[in-house]
Amino acid sequence: MTGSWGYRAGVAVAVLTSFLTVWTTIVRDDGSGAGFFLVIMAAGVGAFAAWFRPAGMARTMIGVAFMQAMHGIAIATAPVTAQVPDGPFRALAFGGVFAALWLASAAFFWTAARGKPEAYRAVA
């Protein structure tokens, strides 16, 4: 782990995003929560796979943002969502906002990785 402000900000945004995802999923309680928990689990698994190095964490957060966006699109296009007033819009907005938060975390990690060649090396 590093003591840079970019790394710390990336961790803070990722933890905040995870907390908000869990909180809104529990509050909403519409039966679509399992996928959102899997997105958070993917962030954790990716962090371990990247050995918590800044460049790997940035790539992980980009992948998680993509997963979040795709999950939001899947929920928005589900037939059940069409029966809820403003359901597709809310699903897309939820997925988009949280994908943007994951991308913000990736940007902070990328800032922490810049200028550190050891952060780009693959782990043997």
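The structure displayed is predicted, hence computed values, not measured ones.

What to know about the overall build of the protein chain
Next, step 1: Counting secondary structure elements, the protein chain contains 5 helices and 0 strands.
Next, step 2: Reading the secondary structure of the protein chain in the N-to-C direction produces α-α-α-α-α.
Next, step 3: In the protein chain, buried positions account for 40% of the 124 residues.
Next, step 4: Counting only contacts in the protein chain whose residues sit at least 6 apart along the sequence, the fraction spanning at least 24 positions is 69%.
Next, step 5: Carbon and sulfur atoms form 73% of the exposed surface of the protein chain, whose accessible area is close to 7200 Å².

Details of the packing of aromatic side chains
Next, step 1: If you walk through the whole model with that rule in mind, you get 5 aromatic pairs.
Next, step 2: Taking 6.2 Å as the distance between ring centres and 80° as the angle between the ring planes, the aromatic pair formed by W5 and F108 counts as edge-to-face. Pair noted here: W5 is in helix α1 (residues 5-28) and F108 is in helix α5 (residues 87-113), with a separation of 103 residues, a long-range link.
Next, step 3: On the basis of relative accessible area, W5 is assigned to the exposed category, the value being 60%.
Next, step 4: Each ring, one from F94 and one from F98, has its centre 4.5 Å from the other, and the planes form 40°; the classification is tilted. A residue pair is termed a helical-turn pair when its members lie 3 or 4 positions apart in one helix, as F94 and F98 do in helix α5 at 4 residues.
Next, step 5: Members of the aromatic cluster, connected to one another through ring pairs, are F36, F94 and F98.

So, the nonpolar core
Next, step 1: Among the nonpolar cores identified, the biggest contains 15 residues, and Y7, A43, M57, M61, V64, W102 and F109 are the most heavily contacted of them.
Next, step 2: When residues of this core are traced back to their parent elements, those giving at least two are α1, α2 (33-49), α3 (54-76) and α5.
Next, step 3: In contact with M61, not counting residues within four places along its chain, are A14, A43, W102, S105, A106 and F109.
Next, step 4: Formed by 6 residues, the second largest nonpolar core is a distinct cluster that contains F36, A91, F94 and F98.

A closer look at the confidence of the model for the protein chain
Next, step 1: For the protein chain, mean pLDDT is 85; residues scoring 70 or higher make up 86% of the total.
Next, step 2: Ranking the elements of the protein chain by mean pLDDT puts helix α4 (residues 79-82) last, at 82, and α3 first, at 93.

What about a nonpolar patch on the surface?
Next, step 1: A cluster of nonpolar residues, L16, F19, W23 and V27, forms a patch on the protein surface that exposes about 460 Å² of accessible area.
Next, step 2: Among the secondary structure elements, W23 is positioned in helix α1.

Basis of the calculations
- Residues numbered from 1 in each chain as written.
- Predicted model: local features only at pLDDT ≥ 70, side-chain atom pairs only at ≥ 80, totals over all residues.
- Heavy atoms only, no water.
- Helix = DSSP H or I, 4+ residues; strand = E, 2+ residues; numbered from the N terminus.
- Buried < 20%, exposed > 50% of the residue type's maximum accessible area, 1.4 Å probe, protein only.
- Contact = heavy atoms within 4.5 Å.
- Areas by Shrake-Rupley, 256 points an atom, 1.4 Å probe, with all protein chains shown as cover.
- Phe/Tyr/Trp six-rings, centres within 6.5 Å; stacked < 30°, edge-to-face > 60°.
- Core = buried A, V, L, I, M, F, W, Y, C linked by side-chain atoms within 4.5 Å.
- pLDDT = per-residue confidence, 0-100.
- Patch = residues over 30% accessible without salt bridge, like charges linked within 9 Å, V, L, I, M, F, W, Y side chains within 5 Å.
- Salt bridge = Lys/Arg side-chain N within 4 Å of Asp/Glu carboxyl O.

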